[in-house]
Amino acid sequence: MLPSSNGTALNRLQDDEDLQFLLRGTVLLKIKSESWRKERLYKLQDDCKTIWHDSKKILRSTDSQTFSIEDIQDVRLGHKTEGMRKYAKDVPEPCCFSIIFKGQQKNLDLIARSEADANHWTSGIKKIITSSNAMSQKQKLQHWIHSCLRKADKNKDNKMSFKELKNFLQEVNIYTDESYAKQIFEQCDRSKTQSLEDDEIEEFYRLLTKREEIDVIFSTFKDSDGVMSVDNLVKFLKQEQREEDITSEFALSLIQKYEPSEEAKKKNGMTKDGFLMYLFSDDGNIFNLKHRKVYQDMSQPLSHYFISSSHNTYLMEDQLRGPSSTEAYIRALCKGCRCVELDCWDGPNSEPVIYHGYTLTSKILFCDVIKAIKTYAFKTSPYPVIVSLENHCSPDQQSVMAKHMKEIFGDDLLSAPLDGKITNLPSPEELKGKILVKGKKLRTLEDSLSGGVRNSTETGDVSEEDEAAEMEDETVKDKVKNKSGSSKVKLAKELSDIVIYCKSVHFRDFNYAQNHQAFYEMSSFTEGKALKLAQESGSSFICHNIRHLSRIYPAGWRTDSSNYNPLDLWNVGCQIVALNFQTPDTEMDLYQGRFQDNGGCGYVLKPEFLLNNNSQFNPKSIKEGVWWTPKKLHVMVISGQQLPKVNKNKNSIVDPFVTVEIHGVARDNDKKQTNVVNNNGFNPMWNSKLAFDVDVPALALVRFLVEDYDASSKNDFVGQYTVPFMSLKLGYRHIPLLSKNGDQYPSAMLFVHIMILES
């Protein structure tokens, strides 16, 4: 029944031993707790993208018995999750493996009957993920359509009846009236058998995936023989895509890279298929390909960079009752986060624990978190990780904390200044592969170096940092009120000694900081205090942030783990603007958009006007200066492709519209939207022209939001993509859409035309 998809990365795996094992299926032991272990049959489906498992639930749906490999973040062999460490201690580690899902879905912990079986599963899934990632966008589209065709073929006869064709169209999110569906069916049913098969399905596939908007562009630049020559490709790249320094050699390299026809390649030409492959590729993406690598100067002081930072990193949900987990640290670090937070309290058996003090959030061992950070710190980025400690432990358990960090982090732990560097902060380049501890410190860094602290007592008094006490919750307030003791805490020398460049100090005012605060001393501000300073003393805040690090954290009333707008603080140069990474919202979309820049390394260099001590820049009152580079952004939202269904109701089809938003300094903030296209999530056409004035493009982000229109209730989120203004590519571009959790959909995208003019 299916159109051929030979040549896709997955097809090349069809004879693989691991894949064959998964296709046959095996019984695995699913484990949820010490007392809950149950056998379940797990089997890879024929599409090589879905895993089916049996279920003993009485009211089970078919969908609840499957999960997509697209939803898998990672697969780990051994006791590599909290569940495995807690509940599978009696099982040999080589027989255990865990499937880690994207988003908020819980891990799946499984025990195989043998080490070989566990290896087959972990290797097989990893191979499919790798092969899937290597697919071109066109191959992903083919594979997705094949999966939908299989689903629609209810009687599995490899033919498609008219009823099955209608089911298929619903599956791919497109509504057609009966007469139009019948017209397509009859046009393809050349054999007049009332069912489509083989070549007829191929024809149906071609009709379905025809991109008229691409045909129009291609026909403008093609030669008389229907192929685009090198000269005409150069013309297209210069005139439409506004690519710089384009040569015939570069155009030839694109033909060699994307043209599927060997005959066209030999003639140095590009067919319509090759042109589409180019537009689908990273070269045709709206995000500048050069910015996918580290391209910025990484040799400036740490304080010159925006740093991807997480608040209360251990939490998976809300701030009052949700679970704490080492998994939350792994997820944040894998998203490029470079500053993680640990709230440390005395635990049983002299082992410190991490949880949100005064609340019912669950507790995890400090040492387990340190192990997770050690393992994942540099998997996504080689640049330094800052471990931000909020310390509530007794001196004895503080010594245990210091011991764990020294032993587990080993040489990765920065325990002394770099080459005696005590005049200004080192750079991300100098600190590559290093873990820095942020916390309270006894005396000064200079004293530590001169040995002035060596003969001092083992502990000293420092002011307590207690962000949890600021929460606006009555139970928390009662516990804080009943807490005995002063605002001073004892700090163990061992813990103090490993705080080098990130000493926590109380902020008094900008004048005091300028005259008395050492370069390695940094302050934390609640969002309300920081926003007030930004509003009233924006220029002073900018100057302060040139030499000193500032950390911002959410207000106490955000017990639901909601987020604040990070741009208001980035606009005054704050570096460590900590958000709740576990909460999918607009603010996290903007965060992910900002930090995909510079190779996603977690460090983005601030614009020059935020690094100049004499700068008069004030984001609340924009006057002319080097930052004033007004641009006119023209966006034509042309079409969408393969938008996901947001309503699980089989008959529900999305009514999509697109909102384009500008987020930057206050005067640049703006949003405009397209018309609504009814009943078409497969290939909606808008052709809507939107225009924006952007005065400070260096601080602006552009967000493309797709929603499902609903006249009677709130519109449903479909997908979004956020890109720094300075990373926009011009001309005809595809935009990959991300889910609410920030994961890329396999084939959902927008097609747009971008033009930027001097204003």
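Residues numbered from 1 in each chain as written. Predicted model: local features only at pLDDT ≥ 70, side-chain atom pairs only at ≥ 80, totals over all residues. Heavy atoms only, no water.

**Observations concerning the packing of aromatic side chains**
Thinking step 1. For the coordinates displayed, the defined rule picks out 29 aromatic pairs.
Thinking step 2. Ring geometry for Y501 against F519: centres 6.3 Å apart, planes inclined by 45 degrees, an arrangement best described as tilted. Of this pair, Y501 sits in strand 20 (residues 499-504) while F519 sits in the loop between helix 19 (510-516) and strand 21 (521-526), and the two are 18 residues apart along the sequence.
Thinking step 3. For Y501, a relative accessible area of 1% translates into the label buried.
Thinking step 4. Considering the side-chain rings of F609 and F617, the 4.8 Å spacing of their centres and the 50 degrees angle between planes classify their relative orientation as tilted. Accessibility assignment for this pair places F609 and F617 in one class, buried.
Thinking step 5. Aromatic ring contacts, followed pair by pair, group F218, F221, F236, Y258, F275 and Y278 into a single cluster.
Thinking step 6. Positioned above the aromatic ring of W36 is the side chain of K32, whose terminal nitrogen or guanidinium carbon lies 4.7 Å from the ring centre.
Thinking step 7. Sitting above the plane of the F692 ring, K672 keeps its charged end 5.1 Å from the centroid. (Phe/Tyr/Trp six-rings, centres within 6.5 Å; stacked < 30°, edge-to-face > 60°. Helix = DSSP H or I, 4+ residues; strand = E, 2+ residues; numbered from the N terminus. Buried < 20%, exposed > 50% of the residue type's maximum accessible area, 1.4 Å probe, protein only. Lys NZ or Arg CZ within 6 Å of the ring centre and 35° of its normal.)

**Brief notes about the side chain of Q642**
Thinking step 1. Relative to the elements of secondary structure, Q642 occurs in the loop between strand 25 (631-641) and strand 26 (656-663).
Thinking step 2. If sequence neighbours within four positions are ignored, Q642 has contacts with L141, W144, G681, F682, S747 and A748. (Contact = heavy atoms within 4.5 Å.)

**Quick word on the sheet that holds strand 13 (residues 339-345)**
Thinking step 1. Here we have 9 strands laid out as an open sheet, ordered 15-14-13-16-17-20-21-22-23, and mixed in their pairing. Unpaired on one side and paired on the other, strand 15 (364-365) and strand 23 (576-577) mark the two borders of the sheet. (Pairing = 2+ DSSP bridges.)

**So, the pattern of salt bridges**
Thinking step 1. Following the criterion strictly, the structure yields 30 salt bridges and no others.
Thinking step 2. The partner of K257 in a salt bridge is D283, and the shortest N-O contact between them spans 3.2 Å. One end of the pair, K257, is in helix 10 (residues 248-258); the other, D283, is in the loop between helix 12 (272-280) and strand 12 (305-307), and 26 residues separate them in sequence.
Thinking step 3. Given the relative accessible area of 14%, D283 is considered buried.
Thinking step 4. Residue K631 pairs with E758 through a salt bridge whose shortest N-O separation is 3.4 Å. Of this pair, K631 sits in strand 25 while E758 sits in strand 32 (residues 744-758); the two residues are 127 residues apart in sequence, bridging distant segments of the chain.
Thinking step 5. Each of D16, D18 and K127 takes part in a single network of salt bridges with overlapping partners. (Salt bridge = Lys/Arg side-chain N within 4 Å of Asp/Glu carboxyl O.)

**Notes on the side chain of S303**
Thinking step 1. Take S303: it is sitting in the loop between helix 12 and strand 12.
Thinking step 2. With residues near it in sequence (within four places) discarded, S303 still touches L425, N545, I546, R547, H548, L549, Q575 and K606.

**Some points on unusual backbone geometry**
Thinking step 1. The phi dihedral of N312 is positive, around 40 degrees, even though this residue is not glycine.
Thinking step 2. For N312, the location among the structural elements is in the loop between strand 12 and helix 13 (326-334).
Thinking step 3. Among the residues examined, N312 registers a relative accessible area of 1% and is labelled buried.
Thinking step 4. Of note, the phi angle at S350 is positive, near 60 degrees, even though the residue is not glycine.
Thinking step 5. Looking at where S350 falls in the secondary structure, it is placed in the loop between strand 13 and strand 14 (353-354).
Thinking step 6. Overall, S350 belongs to the partly exposed group, its relative accessible area being 48%.

**So, the nonpolar core**
Within soluble globular proteins, side chains that are nonpolar tend to cluster in buried spots.
Thinking step 1. Within the largest apolar cluster, 73 residues are counted, with the highest numbers of intra-cluster contacts made by L342, I373, L389 and F617.
Thinking step 2. Per-element tally for this core: the top contributor is helix 14 (residues 366-376), with 7 residues.
Thinking step 3. Ignoring sequence-local partners within four residues, the contact set of F617 consists of S539, I542, N571, F609, L610, I622, W627, V665, V696 and L699.
Thinking step 4. Counting residues in hydrophobic clusters, the runner-up holds 30 residues, among them F287, A700, I735 and L738. (Core = buried A, V, L, I, M, F, W, Y, C linked by side-chain atoms within 4.5 Å.)

**Some points on the sheet that holds strand 1 (residues 26-31)**
Thinking step 1. Judged by pairing direction, the sheet is antiparallel, and its 7 strands sit side by side in the order 4-3-2-1-7-6-5 without closing on themselves. Lying at the two open borders of the sheet, with one neighbouring strand each, are strand 4 (66-68) and strand 5 (72-77). Averaged over all pairs of adjacent strands, the angle between strand axes in this sheet comes to 30 degrees, irrespective of strand direction.
Thinking step 2. Of the pairings in the sheet, the one linking strand 5 to strand 6 (residues 96-101) comprises 5 bridges and is antiparallel in character. (Axes fitted to C-alpha atoms, helices over the stretch in contact; angles between N-to-C directions.)

**Side note on the confidence of the model for the protein chain**
Detail in the predicted coordinates should be disregarded across regions flagged by low pLDDT.
Thinking step 1. Predicted confidence across the protein chain gives a mean pLDDT of 89, with 93% of residues reaching 70 or more.
Thinking step 2. Predicted confidence for residues 1-8 stays below pLDDT 50, and this span has 26 contacts to residues more than four positions away or in other chains. (pLDDT = per-residue confidence, 0-100.)

**Remarks on helix 23 (residues 586-595)**
Thinking step 1. For helix 23, the tally of buried residues reaches 7 of 10 residues, placing the bulk of the element in the interior.
Thinking step 2. Turning to helix 23, its buried residues are M588, D589, L590, Y591, G593, R594 and F595.

**Points about the pairing of strand 6**
Thinking step 1. Of all 6 residues in strand 6, 6 are buried, a share of seventy percent or more.
Thinking step 2. Alternating residues of strand 6 divide into C96, S98 and I100 and F97, I99 and F101, and every residue in both groups is buried.
Thinking step 3. In the sheet, strand 6 pairs with strand 7 (residues 108-111) via 4 bridges, with the strands oriented antiparallel. Bridging from a neighbouring strand, S98 pairs with D109 of strand 7.
Thinking step 4. The turn linking strand 6 back onto strand 7 is made up of 6 residues, and G103 within it adopts a positive phi angle of 70 degrees.

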